[in-house]
Structure formats: structure tokens, C-alpha cells
Amino acid sequence: MRKLAIGTALSGALALAGLAAPAASAAGTPDLTFSGVTVNHGKPVVVGAAKAVTIPVSYTLTRPKNLVIDQDKTVQAVMLYRGTLKSMDNDMGPDTPPVCRTTVTTDTTVTEHCTEKVIADPGMSLYEAGDAGTWKAAGIYVHSDESVSDDYLHGENEVTAWGNLASVKVLRAALLTADAAPEPVTKGRTLTVKGRLTRADWATGRYTGYLKQKAVLQFKADGGAYADVKTITTGTGGALSTTVKASRSGTYRFVFAGTATTAAKTSVGDHVTVK
């Protein structure tokens, strides 16, 4: 499938054009309205250390009836960006054209419901700590006027963007473990529960320890429900370690509530038999 002619180059084009988010279409540009923009079904986007994540985007587009958008020389889409339109810190756009279905037609306008897919790729579109946090959505319109032959090349792009249409959290994925020992254990003896909290580092493609973060140790007796035991803080390399008195058989786990940049995570439980 033909690749959509937007993406990482768009931020440079916007910067060169000195564009900010207009309240209405500028003179000479089509009167487009992007509304009802929804990113990832309204949920945070959680991205691991290496695997790309597909972010679904849906929106309503209203355009002039006589405007032909061929997604080749005339392109419309919704992109995600961090920072401001005039000075983007990073941006992500769809690699393939949006799929649009006409819902309403009048004498002068056409309204369409559109869907597209933005790819969040660690090390490519996400590559630094600052990329974790809140991103915004912008509707874009690009018209390209190209003259190309074996002897001559000329290209001009007219770019218009409408920002702050929606927002979405892009978070680092976390990993969390729990291991209780010794197993089995004699009733009344001390039980040590250890674990480790790590999170995705998009710059290196690895998971690294998350230091000075609070995690809750929970216990569920056989046949019962989980309840909080105590809160502890991660140390070097994201290490967790605490002790409890063994009273009855059950399962221990750690729970991390997440932060503004890192997704919540609950470890797999470790069952201990108390004799």
C-alpha cells in the first residue's frame, strides 16, 4: 500500500512555515473541520521497549463538496504531536491513508467518518524520556505541487494544521515481579518477598530499573481476596524486598499504581504453602 506523504518531515515543514494552530481556516486554504477526534478509544497508549504499537484514531471530517482529496498530492489526516504546532518536540502520523466513509452530503459540504492508524515505534517515533506523557492531536491538510522528470525536480508543500483537537497519554510499559521464599515455610517464621520494577527505555530498547517508586505488597489467603499488606519503595535497579510473618497459605504479589509517564503494573502472584 502506498505510504502517506506525512510523518516525521511534517514538523520541519510546519516550523519552516511558521504555522500555529489557527482558530479557522486561513485565507486560501480549504475550509476543513475536524471534530470528534478519538485516540486509542480514549485510553492511554502503553509502549514497551521494542515492539511497535498501533494507535487507532477516529474522527469526523467536514470538507467542501468540490474539494478532491486523493491522499497523494492532496492529503488530509490526523497526527499526534508533543509540544506546540509551531515548535514540535516530536510527532507521529499515519503511514497509510485514512479510510473515510461519507455520512452526510449537502449542496456545499461533505461530512465523512474517518479512521486511521498511527504507529508508535520505540527507537523510531519514540526515542527519549520526554516522549512519555501527554500528546495532542492535530488535523492537517497538505497540498503538494510537484514537477518531476529525469532532468528537473521541483516541489512545494502547503501545510495547514488545526491543533489541540484531543489528547492522549503515551506511557512507558512496566514489568513487575514477585518471589516469596522460603517455600514451603513453617507457620510463624519470617517470609521474604522480593521483586523488581522495571520500565521501557525507548532510547536503548531495554527495560531498566525504576528507582524510588512505591509498590504495594498484597496477600490473598487461599479462598480469599487480595488485601494490602504494606507499601515499600524500590531501591537500586528497581529492587523490592520486604519481610512478613507466615501465618497461612496464600499468594503474594506487588502492585505498582503507575506514574504520569509509566503505566501501572501488577506482578504475577507467588503462592506459598504454610505448614
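Enquirer: Run through the side chain of Arg199, naming residues and quoting values.
Expert: Along the polypeptide, Arg199 turns up in strand β12 (residues 190-201). The side chain of Arg199 is buried and forms no salt bridge, while Asp201, the nearest opposite charge, is found at 7.9 Å. At a separation of 3.3 Å, a polar atom in the side chain of Arg199 contacts the side chain of Tyr210. Among the polar contacts listed, one links the side chain of Arg199 to the side chain of Thr261, at a separation of 3.3 Å. With sequence-adjacent residues up to four places away left out, Arg199 is seen in contact with Arg172, Ala173, Ala174, Arg206, Tyr207, Thr208, Tyr210, Thr261 and Thr262.

Enquirer: Account for the state of the cysteines, with residues named and values stated.
Expert: What the rule picks out here adds up to one disulfide. Here Cys100 engages in a disulfide with Cys114; their sulfurs sit 2.1 Å apart. Between Cys100 and Cys114, the S-S dihedral sits near 110°, and the bridge is therefore right-handed. In this pair, Cys100 sits in strand β6 (residues 99-105) while Cys114 sits in strand β7 (residues 109-120), placing the two residues 14 residues apart along the sequence. The exposure class assigned to Cys100 is partly exposed, which follows from its relative accessible area of 30%.

Criteria and thresholds
Residues numbered from 1 in each chain as written. Predicted model: local features only at pLDDT ≥ 70, side-chain atom pairs only at ≥ 80, totals over all residues. Heavy atoms only, no water. Helix = DSSP H or I, 4+ residues; strand = E, 2+ residues; numbered from the N terminus. Buried < 20%, exposed > 50% of the residue type's maximum accessible area, 1.4 Å probe, protein only. Lys, Arg positive; Asp, Glu negative; His and termini not counted. Salt bridge = Lys/Arg side-chain N within 4 Å of Asp/Glu carboxyl O. Polar contact = N/O pair within 3.5 Å; in protein donor to acceptor, adjacent residues only side chain to side chain. Contact = heavy atoms within 4.5 Å. Disulfide = S-S within 2.5 Å.

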